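# Summary of structural features
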Amino acid sequence: MARETTSFVYVTYILSTPEKVFEAIARPEVTRRYWGHENVSDWKPGSSWEHVRAGDERTIKVVGKVVEATPPSRLVITWAAPGQVADPANHSRVTFAIEDYENMVRLTVTHDELEAGSEMAKTMTRGWPAVLSSLKSFLETGRGLDIFGKPKAA
């Protein structure tokens, strides 16, 4: 029986360049400044990547593989909880499409192949808007949003 899947798509416009947006997604020393995590990889297709909690604990929160990397316009990765990496049925996919749009960048993040109704799908619908809002603030003002170190309101 095939599992039912769902997708989450978020589009934002950022006063920046495609190069800076791609760098903000792919460079750990930048991602920690607005996400509270570091995306760690060499970003070559087939390579592994890890989403590591910044700070002393260095907990690996998400793992996956690089499917496609075409700087500065596109990055596609698989996404799984570390405890579920052995089962491809638990993997989802994230695509970052980065496009010039007049004097700004249109960033479209598509998180698909999510199991419908799963905790991961629910988490992504809350998480991506917060992360991408923080990314936008960081690139436009130099400061990410202070939302990742505080307890989340229900």
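The preceding data block contains the structure.
By convention here, each chain's residues receive numbers from 1 onward along its written sequence. With pLDDT at 70 or above as the cut-off, local features in this predicted model cover only qualifying residues; side-chain atom pairs require 80 or more to be listed or tallied, and sums for whole chains, interfaces and linings still use all residues. For the side-chain quantities, the full set of heavy atoms in the structure was used; hydrogens and water were omitted.

## Regarding unusual backbone geometry
It is generally the case that most residues other than glycine have a negative phi and that most peptide bonds are trans. A cis geometry characterises the amide bond from Pro-71 onward to Pro-72, with omega recorded as -5°. Considering the arrangement of structural elements, one finds Pro-72 in the loop between β4 (60-70) and β5 (74-79). Even without being a glycine, Glu-102 presents a positive backbone phi close to 55°. Comment: elements are numbered from the N terminus, with helices defined as DSSP H or I runs of at least four residues and strands as E runs of at least two. Structurally, Glu-102 is set in the loop between β6 (92-101) and β7 (104-115). One non-glycine residue, Glu-113, lies in positive phi territory at about 60°. Assignment of secondary structure puts Glu-113 in strand β7.

## Comments concerning empty space enclosed by the protein
The rule is simple: put a 1 Å grid over the protein atoms alone, call a set of points where a 1.4 Å probe fits but cannot get out a cavity, call an open set with protein on both sides within 12 Å along at least five of seven lines a pocket, and count a residue as lining if it has an atom within 4 Å of a point. Grid points are joined across faces, edges and corners, and a volume is the space filled by probe spheres set on the points. In this structure the tally under the stated criterion is one cavity of 30 Å³ or more. Here the largest cavity defines a volume of roughly 30 Å³. If you go around the largest cavity, the residues you meet are Ile-25, Trp-35, Asn-39, Trp-43, Trp-49, Leu-75, Ile-77, Trp-79 and Phe-96. Each residue is assigned to one class: nonpolar for Ala, Val, Leu, Ile, Met, Phe, Trp, Tyr, Cys and Pro, charged for Asp, Glu, Lys and Arg, and polar for all the others, Gly among them. Here the lining of the largest cavity is built from residues that sort into eight nonpolar, one polar and no charged.

## Here's the deal with the pairing of β7
Of the strand pairs in this sheet, strand β1 (residues 5-14) and β7 are connected by nine bridges, and their pairing is antiparallel. By the bridge assignment, Phe-8 is partnered in β7 with His-111. Where β6 lies against β7, nine bridges are found, and the strand directions are antiparallel. Within β7, the position partnered with Arg-93 by the bridge is Asp-112. Hairpin connection, β6 to β7: the antiparallel pair is bridged by two residues, and Glu-102 has positive phi, about 55°. Two strands qualify as a pair provided DSSP detects at least 2 bridges between them.

These figures capture arrangement, not role.
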